[in-house]
Structures are given as structure tokens and as C-alpha cells.
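Residue-level structural notes
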Amino acid sequence: MSRDGLRTQVGQLARRSVLRTLRQPAQIVPALVFPLFLLAVNSGGLKQATNLPGFPTDSYLTFALAVPFMQGALFSVMNTGTDLARDIETGFLNRLALTPLRGAALLSGLLAGAVVLGLVQAATYLTVGLVAGAELVTGAPGALVIVVLSVSITVAFGTIGLFAALRTGSGEAVQSLFPVFFVFLFISAMALPLDLIQTDWFRKIASANPVTYLLEAFRSLLFEGWEPAKLALGFGIAAAVLTLGMLAASSALKTRLVRT
Amino acid sequence: MSAPAEARVASFRSVALAVAWRSVHNFLSNPAFLVPAVIFPLFFFTAFAGGLSAMSNAPGFDFPSGYTAFQFVFVLLQSAAFGGVFTGFAVARDFEIGFAKRYLLAAGRRGGIVAGYALAALVRALITWMILTAVALIAGMEVGGAGVELFGLYGLAVLVNLAAMLWAAGVAMRVRSIQGGPLMQFPVFLILFLAPVYVPLSLLSGWIHAVASVNPVTALLEAGRGFISGEPVVVALAFAVAVALPVLFGLWARGGLRRAEAAG
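So, how was this worked out
Residues numbered from 1 in each chain as written. Chains lettered and ligands numbered in written order. Predicted model: local features only at pLDDT ≥ 70, side-chain atom pairs only at ≥ 80, totals over all residues. Helix = DSSP H or I, 4+ residues; strand = E, 2+ residues; numbered from the N terminus. Rg over C-alpha atoms; globule rule 2.2 N^0.38 Å. Buried ≥ 20, exposed ≤ 12 C-beta atoms within 10 Å, placed from the backbone. Contact = placed C-beta atoms within 7 Å. Nonpolar A, V, L, I, M, F, W, Y, C, P; charged D, E, K, R; others polar. Core = buried A, V, L, I, M, F, W, Y, C linked by C-beta atoms within 7 Å. pLDDT = per-residue confidence, 0-100. Axes fitted to C-alpha atoms, helices over the stretch in contact; angles between N-to-C directions. Parallel < 35°, antiparallel > 145°, perpendicular 65-115°, else oblique. Left-handed = near helix turned anticlockwise from the far one by under 90°.

**Topic: the overall build of chain A**
Helix and strand counts for chain A come out as 13 helices and 0 strands. Whereas a compact globule of 260 residues would reach a radius of gyration of roughly 18 Å, chain A reaches 19 Å, a difference of no more than 12%. Residues classed as buried in chain A amount to 45% of the 260 residues present. Once local pairs closer than 6 in sequence are excluded, the contacts in chain A between residues at least 24 apart make up 81%.

**Overview of the overall build of chain B**
Helix and strand counts for chain B come out as 10 helices and 0 strands. Reading the secondary structure of chain B in the N-to-C direction produces α-α-α-α-α-α-α-α-α-α. A globule of 264 residues ought to have a C-alpha radius of gyration of about 18 Å, and chain B, at 19 Å, matches this closely. Judged by the C-alpha coordinates and their principal axes, chain B covers about 60 × 40 × 35 Å. By the burial criterion, 48% of the 264 residues in chain B qualify as buried.

**Examining the interface of chain A and chain B**
Contact residues are listed per partner, giving 21 residues for chain A and 26 residues for chain B. Looking at the side of chain A that touches chain B, the elements with two or more residues in it are helix 2 (25-45) and helix 10 (178-186) of chain A. Residues belonging to the side of chain A that touches chain B are distributed by class as follows: 13 nonpolar, 7 polar and 1 charged.

**What to know about the environment of B:N26**
Residues and elements named next belong to chain B. Locating N26 in the fold gives a position in helix 1 (residues 3-29). Distance from N26 to F82, taken between C-alpha atoms, is 17 Å for residues 56 residues apart in sequence. With residues near it in sequence (within four places) discarded, N26 still touches F33 and A90.

**Observations concerning the nonpolar core**
In terms of nonpolar packing, the biggest core is built from 163 residues, with B:Y117, B:V160 and B:L220 touching the most fellow members. Residues in contact with B:Y117, not counting those within four places in the same chain, are B:V19, B:S23, B:T87, B:A90, B:V91, B:M165 and B:A169.

**Quick notes on the environment of B:A106**
Residue and element names in this part refer to chain B. Here A106 shows up in helix 4 (residues 99-106). Assessed through the 11 C-beta atoms surrounding it within 10 Å, A106 is described here as exposed. Taking the C-alpha atoms as reference points, A106 and A210, separated by 104 residues in sequence, lie 49 Å from one another.

**Some words on the environment of A:V120**
Residues and elements named next belong to chain A. For V120, the position within the fold is in helix 7 (residues 112-131). A residue is classified by how many C-beta atoms lie within 10 Å of it, and V120, with 18 of them, is partly exposed. In this structure the C-alpha to C-alpha distance between V120 and A189, which are 69 residues apart in sequence, comes to 25 Å.

**A word on the confidence of the model for chain B**
Residues and elements named next belong to chain B. Confidence along chain B averages 90 in pLDDT terms, with 100% of residues attaining 70 or more. Of all the helices and strands in chain B, helix 2 (residues 31-51) carries the lowest mean pLDDT, 84, while helix 9 (residues 216-229) carries the highest, 96. Reported confidence for the predicted complex is 0.71 by ipTM and 0.82 by pTM.

**What about the packing of helix 4 (residues 66-90) of chain A against helix 12 (residues 210-224) of chain A?**
Helix-helix packing: each pair is described by the crossing angle between the helix axes and the interaxial distance. Residues and elements named next belong to chain A. For the pair helix 4 and helix 12, interaxial distance at closest approach is 8 Å and the crossing angle is 135 degrees. What the angle tells us is that helix 4 and helix 12 run oblique. Here the hand of the crossing between helix 4 and helix 12 comes out right-handed. The segment helix 4 lies against helix 12, with A66, V67, F69 and M70 engaging V211, L214, L215, F218, R219 and L222. In terms of residue class, the contact of helix 4 with helix 12 is built from 9 nonpolar, no polar and 1 charged.

Next up, the structure:
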């Protein structure tokens, strides 16, 4: 198939994915409201943490602003996975299987909705955070990198949703994965920096949890300044998740199409 | 008691027990219901008590039983509330699949249906609390309170469970679809997290302090934390709130039942 053909396939599916995301307020609204609500509650409730010796900033809001970007990525797992699972449940994927559509086109196209959602989420979280008084020491270039990092993570996590949908073929099963991913977020340096977590086993798990380093990449831009190592680690983890997720989803897609 | 009154009570009881049995059986036999009900509270407890224990070093934080016990009370009341809400999901599901219509047709005393769901919610919560309490004690939670105080703590949790279940059942019987889930869940989530979750009320500041000061859940949390540390505070206020909520939401649920009956 020609490159133009592939581009057309991806474009058509991407258009469908974007429109479907935009037409479902039930996907967009919770992904915006829930993280911002938790940001408001946590930044108020944990303000005293800034008085702990060694806390890296005097604004807990700034520290906590990294978290919504990760929560948004978790919503991407659910939304992307649920959309594909619905395509499987309704037989749409079976119809696509009858066309000369490439697997790569299908998966890439489906992630277009995650890109749009990631952009909307990142812009909203950052704007609300800054309006509420959060710091951004890296200025406008830092804001741009935050948006790019956020979209990268959202898309990378979206591939996990695709994999889950292709493996299970059930929207309900994809939804039930939400608590599993929530565990990754909660058992990380979400609420306090790693060196201030007192409970040994918790700190060890948080140190091994990639989510901690994604949070640190956002935090470096918000209140530390340009930290190339932290940014490289953040983008590297996003790239690794994207690669592994796409490989797993491609493999699951082959199995799914064989089954049908 | 006169014979007709006895028959009414017997009818109510048999309906309640039958509904409760089915609901509890569904809960215990389906891992998709059982596992999240047990795992979620443990997970919150782990994340809060483990990840935030440094908060006990914040200036002005002075809770005698330590941060693990401080967070245990929140997670206990949260699991009580969500045990009730998740039972509301079961009510909604029964309406969605048409099973609730059969309940309405068969039950002599329809109030027994709501009572049965309430009983099931309590059983669900009791299972969760046993596991949560065991884990907290293994994790080294210090308990300063004695028998009566701990009875007070779990008594508050029972009333919170009942209130949340009646709220969720009221919504479920009006909406009669699982799509009403967010409506059952979100207000409960909101009111729980707008209370002093991480630090005592005195250490909150700004808008969250203003909101938490008028939030009835604050009294429940403060009393619960007083019970577990053996230094009871605001007990009368907490129990007044804990009794008023089920009464209020009982009326709400009764209205929902009337709506469901009218809808046929």
C-alpha cells in the first residue's frame, strides 16, 4: 500500500476518533473536573506539608499541580480503551477487518482522540493552576514543554487502554482496570517528595514506580528550573510506555483479528 | 402486638431478609463487586497512612495515637459511605434489569425492600471493616480508646453506612439506571474530601478551612479520631449528625420508592 493510502487510513480513523472524543462530554468533563477537584482539595488540605523541613517549595499548589497531568493520562487509558472496546462489542472492528486497513493505521488513528484530549487537559490544568497562583519558573517555554510532555504521556497511556480493549473486548473490563492504574498513581511521590516519605516500604515502592519520575519531570519545570536529566527521564518513560504499549496492542490486534 | 401487626412485621422482615440475602450473595460470589470493595479502602489506607506519615511532623500536628490511627478513622468512614453507595449501584442495576419490578410485585411490605438493601450494605461494610482493621493493627496502628469508645467509632461508621445507602437508594429508585452512578457517588466523594482528611481542622487554612468548618463530616471525623485516641470530643454533635442523616435520607429513599412504585 502506498504512503498516501496509509496516510488516508490514519487520517480517516483519526478524524473519527477526534470527533467521537469531542462528542462525548462524559469523557471530557470528568477528565477535567475530577483532577482539578482533587488538586483543589489536596492543595488546601496538605498546605501544612510545605512547613516540613526539606519540602522543595513554599507552595503546595505548585507541587500538587503535577498530579492532574498524571490523572488525565489515566483517564486516557479508560477513554481510549472503552472506545475501542465499544468498536469490538458493536462489530465495527470486524467490519474494519474486511477492509485492507493496516493494523498500524488503526492503532495510530485511534490515538488521535487521546492527543486532542491530552491537549485540552494539559491546557486546562496549567491555566487553572497558574490562575490559582501556582509558580512556573521556566516561563512560557516551560509551559510548552509541560503540554508536550503531558500529551506524550496521555498518548503513551492510551496505548495501554488499546491493549486492554483488544485483549478483553469488553468496555466493562477496561473500566475495571481504573483502580489498578490508580494504585500506580497513589503509591508514588504524588503527595510528598521521595526523600520526605518516612515509611520505608512505601518509599521503596515509590522509588521503583515510573509515575514518580513522570511527576518529577513536571515538577522540575514548575518550581526547580530546567533539569535536563529529569526531563529526559520523563520523556524516556513516556517513549518506553508508548513503544511497549504499541507492541502489545499490535500483537493483541493480530490475535483479535484472527479470532474474528 | 395484635395479629395483623405481627403479620405486617413478619412480612417486612421476610422481604428484608430475602432482598438482603440475594444482594449479599451477589456481592460475595462476584469478584468484580467483592474485590474493589475490599481493595479500595486498603489502598487508600496504604496511600494515606504510608505515604503521608511525614505529615505528623507538621508544626501543630498533635494526634496522640499517631498518623496511622488518624487516617484509619477517615478510611473507615469512607469505606462505610462507599459501602452504602455501592449498594445503591446494586439497587440501580436491579431496576435496570427489571428484577426490582419483581420485588415490587412480590413484596407485601415494600419498605422491606429498602431495609433489605440496607442490611446488605451493612454486611458488605462489616466484611471490609474486619479486613481493614486487621491490616491497620498489623501495620502497627496505636489504639488509645477502650471498648466503649471503639463501639462509638464503629457505631458512627454504621450510621454513615446507613445514611449513604439511603441516599444512593433514593437516587437509584428515581433514576432506575446504573447511569445514575456518578450522581450517587460524586456528592459523597465531595463531602468526604471537603473535611479535614490529612490534618486536623485547626491546621487547615483558607477556603478549605471555611468549608470543612461547616461540613457535617468534620464532626464525624473529629469524634471518630477522638474515640480511637481515647480522648472523645464533639461526641454529641457527631451522633446528632449521624442520626439526622439517615432520618433525612430515609425520607429521600421513601420518596424514591414512591416514584419507583408510580413508574410501575
